[in-house]
Amino acid sequence: MKKTFFCIDAHTCGNPVRLVAGGGPTLIGENMSEKRQHFLKEYDWIRQGLMFEPRGHDMMSGSILFPPHSPENDVAVLFIETSGCLPMCGHGTIGTITIAVEEGLIIPKTSGIIRMEAPAGLVMIEYKQEGKKVKSVKLTNVASFLAAENITVECPDLGTLTVDVSYGGNFYAIVDVQENFKGLQHYTADQLISWSRVMRKRINEQYTFVHPDNETINGCSHILWTGDVLDPSSTARNAVFYGDKAIDRSPCGTGTSARMAQWYAKGKLKMGYNFVHESIIGSKFIGRIEEETTVGGKPAIRPSIEGWARIYGYNTINIDDEDDPYAFGFQV
Ligand code: PYC
């Protein structure tokens, strides 16, 4: 089988976004959550071929566009990355919208506004343009909530850590500074990655996390490490572990949403204030609480995240398993 994918490559505040603009599959489903299940069952080889080495790398992440299921919406998006298909991805949304608007892949019904269907739910987008360039994208994310407080998990080298688990489109274990964890600036990225892999496995063995409105969204998929800011004008800094070997180079949109929901639940963040979140490399997203709401009877917020992305290349990628033993990629 030989398949060709027309991709446009960009990065959002340092983290990659590979948008599949041509060659994507036709999926069955009434919404993006159902289409995500169909893709995982029948077409996961596309994700593996485009995300894993040698065509991708540990941090690779991307998306595929689909027509919306509801006439008032503008687009539907499937997120693909090294770990699977996320229900929602913030840096992926900022990159996808930047590429799609600049390249004319979406013609919004109202200029500057896009209603985007993600597997996790409806995401509202506002973007600012100068000429053809998209300068910034603000997404108002799905409802986000603190799912569990003060659970304990054994971390190699560090010992027992106490973490909160919060939902911002994916479930995040948030590691705040504590006796056994001095802050992300005291450790290497390799240490954070190897500890995260073990902690994520242990958390999911000991605890269950299922979204109250969609049981296909389950499991703690990411670990969010916190630490000192680089720029004193920022609110907070984080390093998000995802996939098996990745630390997000962007401040992580769903991670920022999860952390804002955690701060909101603890009375540390109120509506109307900016939450400026730094990544491991110092790039920034601006977060805000747009609305107070509930999910499954728990207090929740609808957070917004604003950031930028830049297109850097056009990439025609072949997957041909008759000619290439690594057509579907590999992981070491
Ligand atoms: O920005 O939401 C995000 C994200 C998830 C995993 C990597 N980035």
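Residues numbered from 1 in each chain as written. Predicted model: local features only at pLDDT ≥ 70, side-chain atom pairs only at ≥ 80, totals over all residues.

For the ligand, the full set of nearby residues is S61, L86, C89, G90, H91, Y242, D248, S250, C252, G253 and T254. Of all the secondary structure elements, the ones that give two or more residues to the shell around the ligand are α3 (90–102) and α5 (253–265). Looking at the shell around the ligand, its residues break down into four nonpolar, six polar and one charged. Composition of the shell around the ligand by domain shows at least three residues from each of domain 1 (2–139 + 310–320) and domain 2 (144–296). (Near = placed C-beta within 6 Å. Helix = DSSP H or I, 4+ residues; strand = E, 2+ residues; numbered from the N terminus. Nonpolar A, V, L, I, M, F, W, Y, C, P; charged D, E, K, R; others polar. Domains from an automatic or database assignment.)

A word on the pairing of strand β5 (residues 113–118). Direction of pairing for strand β4 (residues 75–81) relative to β5: parallel, over a ladder of two bridges. Bridge pairing in β5 places V75 opposite M116. The β-α-β motif built from β4, the intervening α3 and the parallel element β5 has right-handed crossover chirality. Counting the residues in the hairpin turn of β5 and strand β6 (residues 121–130) gives two residues. (Pairing = 2+ DSSP bridges. Right-handed = clockwise from strand over helix to strand, strands pointing away.)

Below, the discussion takes up the domain arrangement of the protein chain. For the protein chain, the assigned domains read domain 1 (2–139 + 310–320) and domain 2 (144–296). The C-alpha-based centres of domain 1 and domain 2 are spaced at 23 Å. Contact residues are listed per partner, giving 21 residues for domain 1 and 24 residues for domain 2. Among the elements of the structure, α1 (32–42) and α3 are those that each provide at least two residues to the side of domain 1 that touches domain 2. In terms of residue count, the dominant contributor to the side of domain 1 that touches domain 2 is α3 (four residues). (Contact = placed C-beta atoms within 7 Å.)

On to the environment of L146, then. Looking at where L146 falls in the secondary structure, it is placed in strand β8 (residues 145–155). As a C-alpha pair, L146 and A265 span 119 residues in sequence and 6.6 Å in three-dimensional space. Other than its neighbours up to four places away in sequence, L146 contacts D164, S166, A261, Q262 and A265.

Here we come to helix α4 (residues 189–206). Side chains that are three or four residues apart share a direction in an α-helix, a result of its 3.6 residues per turn. Here α4 contains 18 residues, and its C-alpha end-to-end distance of 25 Å stays within 8% of the 26 Å for a straight helix at 1.5 Å per residue. Looking at α4, one finds that the buried residues are L192, W195, S196, M199, R200 and I203. Those residues of α4 hidden inside the fold are in contact with β8, β10 (171–175), β13 (220–227), β14 (236–242) and β15 (246–247). (Expected span 1.5 Å × (residues − 1). Buried ≥ 20, exposed ≤ 12 C-beta atoms within 10 Å, placed from the backbone.)

So, on to the nonpolar core. One recurring pattern in soluble globular proteins: nonpolar side chains tend to sit buried together. Counting 93 residues, the largest nonpolar core has V77, A173, V175, L224 and A261 as its most contacted members. Per-domain counts for this core show at least three residues from each of domain 1 (2–139 + 310–320) and domain 2 (144–296). Excluding its chain neighbours within four sequence positions, the residues that come into contact with A261 are S144, F145, L146, S166, Y167, G168, A300, I301 and P303. (Core = buried A, V, L, I, M, F, W, Y, C linked by C-beta atoms within 7 Å.)

Moving on: the environment of D213. Relative to the helices and strands, D213 resides in the loop between β11 (210–211) and β12 (214–218). Under the C-beta neighbour-count criterion, D213 is labelled exposed, with 12 such atoms within 10 Å. If sequence neighbours within four positions are ignored, D213 has contacts with V295 and G296.

Bridge count between β11 and β12: two bridges; the pairing is antiparallel. Among the inter-strand pairings, H211 is bridged to a residue of β12, identified as N214. Hairpin connection from β11 to β12: two residues lie between these consecutive antiparallel strands.

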